[in-house]
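Understanding the architecture of this molecule
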Amino acid sequence: MWLFLLLMLASPGRAQSGPVEAPAPSPLAPAPTSPSPGPVLPTPTTPKAPRFSKTAIGACGCSIYAPPFLVVAESTRSEDRSEVWTAETQVDGWVYGVIAVKFETPFTGAAPADLEGLLVGYLDFLKGQLGIVAGAGVGRGHSHSENAKALGVIDYWTDKDGDQWAVKGWIDEGRLAVLFIAGKGEYPWLNAQQLYLDGFRFN
């Protein structure tokens, strides 16, 4: 299951001093002895854009606009004691997923470029673990509609099975989130995709 894999991966380590550093590949549990084959996604038979509703992310103090049955309640602790939530759901052949991290110690006063570097480094780590073989390239400089201190980046991936991913990450001094939609071919509903990827709320 992707959820198990994401639980192992969601551990964005932090720098001990100086500028914020990209996370080292230190999963919460030992890596599997062989690469995960990844999910087998069915081809949609009656595809339609899902309806989204605001969904709280456990005790994170944050939320997302999510399709039905995406529930984010339980959390784990990363190696640096940050609290991590992960969840996914499948609707008409498309998988919607989220990782949310509340840092144990906020990166108070960190430069925006350092925060963005941490986020991009985390996405690069996920790419390596999820079997991503191609990407459009990180699009930087996204601003959040409700959090002036937050930074966003976006990318589009293809994995070794040919599945396509639309991925967006958000970060501020206290939290990090990665949202994705993955499936067979290009996601057909641009407005729904934007609503989901931009739907993370820090409070």
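Residues numbered from 1 in each chain as written. Predicted model: local features only at pLDDT ≥ 70, side-chain atom pairs only at ≥ 80, totals over all residues. Heavy atoms only, no water.

**Structural notes on the nonpolar core**
In terms of nonpolar packing, the biggest core is built from 28 residues, with Ile 57, Ile 64, Leu 70, Tyr 96, Leu 179, Tyr 196 and Phe 200 touching the most fellow members. Mapped onto this core, the elements with two or more residues apiece are strand S2 (62-66), strand S4 (83-91), strand S5 (94-102), strand S9 (164-171), strand S10 (175-183) and helix H3 (190-197). Counting 26 residues, the second-largest nonpolar core is a separate cluster that includes Phe 103, Phe 107, Leu 123 and Ile 171. (Core = buried A, V, L, I, M, F, W, Y, C linked by side-chain atoms within 4.5 Å. Buried < 20%, exposed > 50% of the residue type's maximum accessible area, 1.4 Å probe, protein only. Helix = DSSP H or I, 4+ residues; strand = E, 2+ residues; numbered from the N terminus.)

**Some points on unusual backbone geometry**
We note that Arg 81 has phi near 75 degrees; this positive angle belongs to a residue other than glycine. Within the fold, Arg 81 resides in the loop between strand S3 (76-77) and S4.

**So, the packing of aromatic side chains**
Describing an aromatic ring pair means giving the distance of the ring centres and the angle of the ring planes. All told, the structure shown has 10 aromatic pairs when counted by the stated rule. The interplanar angle of 80 degrees and the centroid separation of 5.5 Å between the aromatic rings of Tyr 96 and Tyr 196 together place this pair among those described as edge-to-face. Placement of Tyr 96 in strand S5 and of Tyr 196 in helix H3 is noted, with a sequence separation of 100 residues between them. Of the two residues, Tyr 96 and Tyr 196, neither departs from the other in class, the shared state being buried. (Phe/Tyr/Trp six-rings, centres within 6.5 Å; stacked < 30°, edge-to-face > 60°.)

**Regarding the environment of Val 178**
Looking at the secondary structure, you find Val 178 in strand S10. Note on Val 178: relative accessible area 2%, which makes it buried. Each C-alpha atom, one on Val 178 and one on Ile 154, is 9.6 Å from the other, the two residues being 24 residues apart in sequence. Beyond its immediate sequence surroundings of up to four residues, Val 178 is in contact with Gly 97, Val 98, Ile 99, Tyr 122, Leu 123, Leu 126, Val 167, Lys 168 and Gly 169. (Contact = heavy atoms within 4.5 Å.)

**Here we look at the pairing of S9**
Of all 8 residues in S9, 7 are buried; the element is thus mostly enclosed. By the bridge criterion, 8 bridges tie strand S8 (residues 151-159) to S9 in an arrangement that is antiparallel. Following the sheet pairing, Gly 152 is matched in S9 by Trp 170. The hairpin formed by S8 and S9 contains 4 residues between the paired strands, and Gly 162 there has a positive phi angle of roughly 85 degrees. (Pairing = 2+ DSSP bridges.)

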